[in-house]
Each structure stands twice: as C-alpha cells, then as structure tokens.
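# A closer look at the structure
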Amino acid sequence: MRDIAFGQFYPGHSLLHKLDPRAKIILLVAFIVLVFCTANYAALAVVVASVIGVILLSKVPLRLYFKSLKMIIFIVLITSALNLFYGTGEPLWEFWVFKITLAGINNAVFVGARIISLILISSALTFTTSPNDLTDALERLMKPLNVFHVKVHEIAMMMTIALRFVPLLLEETDKIMSAQKSRGADMESGSLIQRIKALIPVLIPLFVSAFRRAYELAVAMECRCYQGGEGRTRMKSLKLSYRDYVSSAVVVVLIVGVVLCNVLLPHTVR
Amino acid sequence: MSAIKVENLSCVYGAKTPFEQHAVKKVSFEINKGDFVGLIGHTGSGKSTLVQMLNGLIKPTTGKVYVDSVDLWAKPKEIRKFRFKVGLVFQYPEYQLFEETVYKDIAFGPTNMGLSQSEIKERVIHAANFVGLKDELLNKSPFDLSGGEKRRAAIAGVIAMDPQVLILDEPTAGLDPVGRNVLLSQISQYQKAKNNTVILVSHSMEDVARVTNKVMVMNKGNLAMFDDTAAVFARSDELSKMGLRVPQITRVIEALREKGIDLPSGVLTVDKAVMEITELLKKEGKL
C-alpha cells in the first residue's frame, strides 16, 4: 500500500530542495517543452545530460527514481515498439506487414528517451518539493486567473487537503484491513469476483470514516472562522533568491543549446 | 500448558531505508492457558506490533511464534486458521463495523470460519450476551448504535469466533467511567467463565491492576518485565523511568507505609485498600 514512489516527497537539503517552488514549476514546464523540441541526437544528448545533472543535484537516492520509472516502463516499451514499425523509407528488415526502417528506430529511441526524461524530471520536482510548497506555488502562479473569477485559493486549499488526506486514508485502509483480516477475512485468495467482494468490509468502513473526517475538518475550520482567500496573508511568503535566478539562467542556456543543435545540425525526427 | 510461546521475536520496519525502525527486539516469553495478562508500555514501545505478530498479521523479521505448540508461520497459506485461534480486537474497533445489521456483523467472523447457520446463530447470541448487548439491538444497523454499544458489538464480533486467546488493544479507550467499568468486568467474567487466555493492552494502570494476574512491560521494543501483577507494580521506580506509573491507590498505600502505618505492600485496587484499612482500624480499636 505504501510503496507508491511517484509523487512522494523525500526531505533533504540539496540545491533543488532549496529552490523556490514557483521557479521549479515554471522551469519544469519549460523543460518539458524543451524535451519535445529535440530534433536530433545532439539536442537529445543535451536534454538527457541535463536530466542526469538534475537527478544528481537532487541528492535523492537513485532507487526512488527507478521505482517511479518501474510503473510506466510498460507504456514506454509499448509506445517505443509501436513507433519502431511506423517509420518511412528503406526497410532494414521486413516480415509480413511489419517493417523496420532507420527512421522507425530513430522514432522509437526518441519517444522512449523523451518519456523517460519527462518522468524523471517531474519525479525530481515532487521528490524535492513538499506537497504544501507545491500547492502554495500553484496558488501563486494561478493568481492571475482571479480576474476571470476562478476561485484560485479554494482550489489550492482543496488540493492541499486532498494531498494531506492521502497518507491518512492509506493508514486507515491498512488498519481496517488488519481488523477484518483478524476476523478471518480472506483477501489474498479466490477468484476475481470473490476478491472484489472481500473488499466490501474494507470499503464501507473506509467511506464512513472519510466522511466523518471531512465533516470534522469542516467543523474545525469553521470554528477557527476560516472563510476562504479574501484578505488572507501567509505565514511563509515565497521569495525568489539568487539560486532561482542562477537556475533560470542555466535553463535558458539549455534552451539556447537545444535550439542551436536543432538549427545547425540536420533533423533526425520530423 | 502454554497457550502462546514466543522465541526471539523481532520486527524491523522499513529495513534498509532512512526510516528503519526496530519495533520489537528479540522478545521471548510464554503465556499459560487461563492467564489474564496485562500488556503495558509507553506509546511506541512496540505493544501493537507485538500483538499483531501473535495472530500472524505481521510476519516477524526473525523469531518464532507458537500457538498451542504449533509454529504460526510453518505453513503461511494456513495463517488464517490461527486468526480464529488468537482473536485480536483492535483499538477503536467500532470503526470496522460494516454490515447491515449488528447480527450480520458479529456473524462475519464465524461465517469466515465456515460454520453452519445454526452454530453461527448460537455463537452470535452467546457473544452478544457476553458483552451485554441487548437482543433487540441485533437487528439494528451498527451505525445507529451509540459509541459504547458499537464498541461492544465489535468486541462481540471477535468473541464470536471463540478464540483460545483473546487480545484486546485498549478496549476502554474513549469510554465514560461507567462504560469502562462495565466493559472491564464483562471481559473479566468472560475470561473466568471460559478459562481462556486474555491479553489486555492498556494505558490505564488501574484497569490492568484490577483484572489481570500477570503483567508484561514493554520498553523501547524490549520486554522489560513479565511477572505477577503485584510483583510488577512493586517496582514503581523502574516503571516511572520507562514513563509508566503504578496505580494511584498503590502509591497512596506505599506513602502511608513510609509514614510507618502498618499496611501490607502490593495493594492494587481500591476495594482491597478499603478492606486492609478497615481491618487495621478495627485492630487498633478505632472502628
């Protein structure tokens, strides 16, 4: 139950941990666009090298990165395999309707490398940023939407609460499962239908307690006169520091590098 | 004959991560049939982990658990059998109720055992009786009961499996004083009537002193003491070093003894204290 690596915060004091979460989110978005702008191997190499650099800078155990990759490795393999057969040009190898071309191989490599870079770089963000910082940053970044009467603060609050409840509910599930197991509930064997049925004794108490918790939280918030975003100040206000400017500069250099590679060297894909 | 025997039992959480934690460290003990054992210890001392290893919910990292001289983990596929032999009532068990009626909820365990309908009925009624649930409540939804009644229904759900060893994790937590006393005496009566083994995990020294005949003390994952109740509560200095204390009345009597008043040591309940003091006053002719 607790082995979900993707999106888990890993506390630490690395440079990446200390960056402003707003800067991290913006840089991540820029980087993701960059990943998909790579048109030849030189550009791809720049991107892959910088992903490796970010991973090393985060000082998060590599084991965790592998764990988050493990969940999507099938998607990567399937999309790569599909791309392998969708190349145009001279076939290198042919069998029935399948033919592999040099372009196909290039496509497969690019798609694989891009998805893996994507996952690794987003994992680096979630590993080094606490969920609270993340929602704080999102709230600040979405603030301009207030003009369109989007309730940015409320959305961010809901996200924070939802994130806070995930570990609580996991713990609760564990507890209820143990309790039902000690009354002889069998959750490890039987047919699919039997297994789904065996979940009822877990799901009903879980729902009941989730509603109870939500209700209690609402009452507790009202008791403290919580009334939404209007006129609220923050205990920790986010501030950009020299680190954020330096890392932004580095990303700009990367963008320039990739663009130069794309312009100066022939394109291998599309 | 020993009901439960434990040898060199250890449990490590999150091995090889920065969060590695030794919850239980090389614990060995033997509990005889018919014993009423209190299990006390500071929060985080490994009590809950220990009791969950006794019915096979947590697999020990090292060491063995024997129930009725049979190794619990000899056949991991048959672990469910032992959950019927060692009944575990969790903390706040009322949150595990789920069926449409109280009857069906109490019947969940016996049904999982594969008993016949008539036998299930007999057990449910028997178990409801033991915890003092009125018959008319059996057809109600468990979510319509009061807090205390829910607690009783949940405990009945485990008693209905007729386990040889009954483990209760803080069964009186969050109950009012009357509900506490009633529940505790019902558990005590259950233990006497069946002559079963009962393990009571509790933070209330008064509760433990009142009903148990033996006490186990856990401290930082180690089994610090395991002795007769009176003998354990005689070591009040050691207990307070572990963040525990002896029952209030025991402290009062000890303080009186230090003042030179001729009372016996090892008084654990208020009833006993009243008896001893009246006797003393009578002897001195003041009553």
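Structure's up top.
Residues numbered from 1 in each chain as written. Chains lettered and ligands numbered in written order. Predicted model: local features only at pLDDT ≥ 70, side-chain atom pairs only at ≥ 80, totals over all residues.

Now for the pairing of strand β1 (residues 2-13) of chain B. Residue and element names in this part refer to chain B. Summarising the sheet, β1 and strand β2 (residues 21-32) pair through 8 bridges and their orientation is antiparallel. By the bridge assignment for β2, V12 is matched with H22. Taken together, the 5 bridges between β1 and strand β4 (residues 62-67) define a ladder with antiparallel strand orientation. Residue pairing in the sheet places I4 in a bridge with V67 of β4. (Pairing = 2+ DSSP bridges. Helix = DSSP H or I, 4+ residues; strand = E, 2+ residues; numbered from the N terminus.)

For an α-helix the count is 3.6 residues per turn, leaving residues at separations of three or four pointing the same way. Judged by how many residues are buried, helix α3 (residues 102-112) of chain B sits mostly within the fold: 9 of 11 residues are covered. Of the residues making up α3(B), those classed as buried are B:V102, B:Y103, B:D105, B:I106, B:A107, B:F108, B:G109, B:P110 and B:N112. Next to the buried residues of α3(B) lie α10 (200-223) of chain A together with α4 (117-130) and α5 (147-159) of chain B. (Buried ≥ 20, exposed ≤ 12 C-beta atoms within 10 Å, placed from the backbone. Contact = placed C-beta atoms within 7 Å.)

Further remarks concern the sheet that holds strand β7 (residues 165-169) of chain B. Residues and elements named next belong to chain B. With respect to topology, 6 strands assemble into an open sheet ordered β6-β7-β8-β3-β9-β10, the strand pairing being mixed. Where the open sheet ends on each side, the last strands, each with one partner, are β6 (86-89) and β10 (222-228). Within the sheet, the average angular offset between the axes of one strand and its neighbour, ignoring direction, is 15 degrees. Bridge count between strand β9 (residues 214-219) and β10: 6 bridges; the pairing is antiparallel. Paired with M218 across the two strands is L223, which belongs to β10. The sheet contacts of helix α1 (residues 47-54) involve β3 (36-41), β6, β7, β8 (197-201) and β9, and relative to β7 the element is tilted by about 155 degrees. (Axes fitted to C-alpha atoms, helices over the stretch in contact; angles between N-to-C directions.)

Of the residues lining the interface, 16 residues belong to chain A; the matching set on chain B comes to 20 residues. Secondary-structure elements contributing two or more residues to the side of chain A that touches chain B are α8 (152-181) and α10 of chain A. Element by element, the count of residues in the side of chain A that touches chain B is highest for α8(A), at 6 residues. The class makeup of the residues in the side of chain A that touches chain B is 7 nonpolar, 5 polar and 4 charged. (Nonpolar A, V, L, I, M, F, W, Y, C, P; charged D, E, K, R; others polar.)

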